[in-house]
Amino acid sequence: MKRIVSVLIAVVMLFGFTMPGISVYAEGETFDINGAEVVTNYESYEYRFKEVKPSVKVFVIKDGTREKLKINRDYTVAYSNNINVGTAGITVTGIGNYSGTAEGSFEISPLDIGEKGFSVNQIKAAYAWIEPVYELAYEGQSIVKGTDYTVTASGYDKAGVKSATVTIKGIGNLGGTRSFKTNVYPNKVTGIKLKKKKATSVRISWNSLKNTGITGYKVYEVDKKGNILKTVADVKTNSAIITDLEKGKVLRFRIKAYKKQNGKAVFSNISSKVTTYTKPAKVTANFACRSSKYKIYVGWDSMNCSGFQIKYSTNKKFKSNVGLAYAKGSKTSKKIVVDKANTTYYVKVRAYTTYKGKKKFGKWSEKFSTDFGKLYEYYSTYYVNNPNRTTNLKLACKAIDGTIVYPGDVFSFNETVGIRTAAKGYKPAPIFTGPTGHEDGVGGGVCQVASTMFNAALYCNFSIVERHQHSQRVTYCPLGRDAAIFWGSEDFKFRNTSEFPIKISMECSGGKLTCSIYTNGYKNPPKVTLDVSRSGNHFTLRRYVKGKVNYTTSSNY
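Conventions we followed
Residues numbered from 1 in each chain as written. Predicted model: local features only at pLDDT ≥ 70, side-chain atom pairs only at ≥ 80, totals over all residues. Heavy atoms only, no water. Helix = DSSP H or I, 4+ residues; strand = E, 2+ residues; numbered from the N terminus. Rg over C-alpha atoms; globule rule 2.2 N^0.38 Å. Buried < 20%, exposed > 50% of the residue type's maximum accessible area, 1.4 Å probe, protein only. Contact = heavy atoms within 4.5 Å. Lys, Arg positive; Asp, Glu negative; His and termini not counted. Charge placed at Lys NZ, Arg CZ, Asp CG, Glu CD. Salt bridge = Lys/Arg side-chain N within 4 Å of Asp/Glu carboxyl O. 1 Å grid on protein atoms, 1.4 Å probe; cavity = no way out; pocket = protein on both sides within 12 Å on 5 of 7 lines; lining within 4 Å. Points joined across faces, edges and corners; volume = space filled by probe spheres on them. Nonpolar A, V, L, I, M, F, W, Y, C, P; charged D, E, K, R; others polar. Expected span 1.5 Å × (residues − 1). pLDDT = per-residue confidence, 0-100. Core = buried A, V, L, I, M, F, W, Y, C linked by side-chain atoms within 4.5 Å. Pairing = 2+ DSSP bridges. Axes fitted to C-alpha atoms, helices over the stretch in contact; angles between N-to-C directions. Parallel < 35°, antiparallel > 145°, perpendicular 65-115°, else oblique. Phe/Tyr/Trp six-rings, centres within 6.5 Å; stacked < 30°, edge-to-face > 60°. Lys NZ or Arg CZ within 6 Å of the ring centre and 35° of its normal.

**A few points about the overall build of the protein chain**
Here is step 1 of the chain: Check the secondary structure of the protein chain and you find 4 helices and 45 strands.
Here is step 2 of the chain: Expected size for 557 residues packed as a compact globule is a radius of gyration near 24 Å; at 53 Å, the protein chain overshoots this value by more than 25%.
Here is step 3 of the chain: Considered along the principal axes of its C-alpha atoms, the protein chain spans approximately 180 × 70 × 50 Å.
Here is step 4 of the chain: By the burial criterion, 43% of the 557 residues in the protein chain qualify as buried.
Here is step 5 of the chain: For the protein chain, long-range pairs separated by at least 24 residues make up 60% of all intrachain contacts whose partners lie at least 6 apart in sequence.
Here is step 6 of the chain: Positive and negative side-chain charges in the protein chain, numbering 84 and 41 respectively, have mean positions lying 17 Å apart.

Set out below in structure tokens:
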């Protein structure tokens, strides 16, 4: 039996060594892959800022047959020099039933900077004779100028629209070229000087940029922070005369050079700021009056300036007892404490502009005094000389005469005259007791004083706060233009809507009663037209100023 088994083994071994395509190895023996075919999908790969690791296929010839091995079962792969441009190496090491190593390679080619992912960033723009600065970036990766790329520029010797050429060329790991046009901006204007400054004009000059190809310059007025307010000059030469400047103002200017080309323009950076000033205009003073025993009240027209200086004196020529007061530019009036009561003060005002910490004054206004010297408006009515009634008229006029009403304040007849009583000297005189009746009453007739004042206030264009009609028609003023007074229920009130204080003068003599309004101001009231229309017993008064109705009241008699 043992002999039979031995024979069979010998036969099998004989056939194993002699039959084609059948290899028999001793236990533990491996196949050496030295010289194996190492293959990648492509012969060349683009640079990617990191290791390039293409997939690798390995083939061996075993007994005349090309056989593909399996990675991580039959072999492992290692790479070398596989980051930068050049030839990268592949080392395949046999494992399992395979031993030895095999070598392969592939090429890493430059990454073209024209591909998607690259961006060009401007660091500094081009100016005449100043080269622009650009940098290249790629999806957040670090790229080094001079190592990975170069930047060159040409045509930036003069200002122009898209007149310079910038070329970026990849080197080392990067390849390709990018070229584009860019603006060349004019240089910043320098050397600004102000010359020949006059009341409302100034000559401004600066260093010329003519040799850099610019077209012209724009001069701007700017605010305190340097922000542009408006263009004040557009010139081709390096100087300009700025005219029509506001008086009483600190003025600031900045300049830009520009180049116009093909319907477009490029501008320089704005220059530094240059500052000057204009003196204020002559002040027009509105009024000067007393506001209390030891105070004077001065007013003037608003104007452009930093502030106002007020000079006051009891001497017409301002040679003695002189005082000075100041007010900020936004103010148009000032109350000043003085040391003399019941004395006329003379006043004048001038404006100033503050420039570099110093006051630059304009001219003094005309001289004003605290006496109310200008007749603003008046109105008269006539009366029959009934002794008692005339006494009442004179007492009411005396109570009102000399009253000063300041801008915005309200005059009240009842508050000013007070209750009419016999103790004050008022006499019984006829008063209306309804639509038809009348009787004597203490203070009768004072309604004529109120009616006269009502008409004067209408012509002054003052705001009428309160007015009442009589129960019957009166003869001393036009119908619809009367004002009834009765203590405790009916008052006449108006508001001083002018810009200055007024002084009321009341005169009663010779059958004529006159209400005169005086001011210290120079202005006249607007032209007023009064119209009373009638419909039966109904009368409507309308006041027109500049063609528009601004007050209406009605009466029924």
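**Re the pattern of salt bridges**
Here is step 1 of the chain: Under the definition given, this model contains 12 salt bridges.
Here is step 2 of the chain: Between Lys249 and Glu246 there is a salt bridge whose closest N-O contact spans 3.2 Å.

**A word on the layout of surface pockets**
Here is step 1 of the chain: Here the largest pocket defines a volume of roughly 830 Å³.
Here is step 2 of the chain: Taken together, 31 residues make up the lining of the largest pocket; nearest its centre are Pro430, Ile431, Phe432, Gly445 and Cys447.
Here is step 3 of the chain: Those elements that place two or more of their residues in the lining of the largest pocket are strand S37 (428-432), strand S38 (438-442) and helix H4 (447-459).
Here is step 4 of the chain: Of the residues that constitute the lining of the largest pocket, the class distribution is 16 nonpolar, 11 polar and 4 charged.

**Comments concerning H4**
Here is step 1 of the chain: Taking 1.5 Å of rise per residue, 13 residues should cover 18 Å, and H4 covers 19 Å from first to last C-alpha, within 8% of that figure.
Here is step 2 of the chain: Counting buried residues in H4 gives 12 out of 13 residues, a clear majority hidden from the surface.
Here is step 3 of the chain: If you check which residues of H4 are buried, you get Cys447, Gln448, Val449, Ala450, Ser451, Thr452, Met453, Phe454, Asn455, Ala456, Ala457 and Leu458.
Here is step 4 of the chain: In the segment just after H4, Asn461 is the residue with positive phi, at about 65 degrees.

**What about the confidence of the model for the protein chain?**
Here is step 1 of the chain: When pLDDT is averaged across the protein chain, the result is 92; 95% of the residues are at 70 or more.
Here is step 2 of the chain: Under a pLDDT of 50 for its full length, residues 1-26 has, in the predicted model, 2 contacts with residues more than four places off or in other chains.

**Some remarks on the nonpolar core**
Here is step 1 of the chain: Phe413, Met453, Phe492, Phe494 and Ile504 are the most contacted members of the largest nonpolar core, which totals 49 residues.
Here is step 2 of the chain: Per-element tally for this core: the top contributor is H4, with 8 residues.
Here is step 3 of the chain: If near-sequence neighbours (up to four positions away) are discounted, Ile504 is found in contact with Ile400, Asp401, Gly402, Thr403, Val405, Phe411, Met453, Phe494, Cys515, Ser516 and Ile517.
Here is step 4 of the chain: Listed in part, the 36 residues of the second largest apolar core include Phe49, Ala102, Phe118 and Val166.

**Quick notes on the pairing of strand S6 (residues 75-80)**
Here is step 1 of the chain: Summarising the sheet, S6 and strand S7 (residues 86-94) pair through 6 bridges and their orientation is antiparallel. Across the sheet, Tyr75 pairs through a bridge with Gly94, a residue of S7.

**Section: the packing of helix H2 (residues 387-400) against H4**
Here is step 1 of the chain: Remark: H2 packs on H4, axes separated minimally by 8 Å, with the N-to-C direction vectors making an angle of 50 degrees. By the angle between their axes, H2 is oblique relative to H4. Side by side, H2 and H4 meet where Arg389, Leu393, Ala396, Cys397 and Ile400 of the first sit next to Gln448, Val449 and Met453 of the second.
Here is step 2 of the chain: Taken together, the residues of the contact of H2 with H4 break down into 6 nonpolar, 1 polar and 1 charged.

**Regarding the packing of aromatic side chains**
Here is step 1 of the chain: Counted according to the given criterion, the structure contains 25 aromatic pairs.
Here is step 2 of the chain: Ring plane angle 55 degrees and centroid distance 4.9 Å describe the contact between Tyr47 and Phe49, whose orientation is recorded as tilted.
Here is step 3 of the chain: Residue Tyr47 is classed as buried on the basis of its relative accessible area of 8%.
Here is step 4 of the chain: For Phe49, a relative accessible area of 18% corresponds to the buried category.
Here is step 5 of the chain: Between Tyr312 and Tyr345 the ring centres are 6.3 Å apart and the planes differ by 55 degrees, which places this aromatic pair in the tilted class. In this pair, Tyr312 is assigned in strand S28 (residues 307-313) and Tyr345 in the loop between strand S30 (333-337) and strand S31 (346-355), connecting sequence segments 33 residues apart. As far as the burial class goes, Tyr312 and Tyr345 line up, both buried.
Here is step 6 of the chain: Here the aromatic cluster, defined as three or more aromatic residues joined through ring pairs, consists of Tyr376, Phe411, Phe454, Phe462, Phe492, Phe494 and Phe500.
Here is step 7 of the chain: Above the ring of Phe31, the side-chain terminus of Lys62 is found at 5.6 Å from the ring centroid.
Here is step 8 of the chain: The positively charged end of Lys348 is found above the aromatic ring belonging to Phe318, 4.6 Å away from the centroid.

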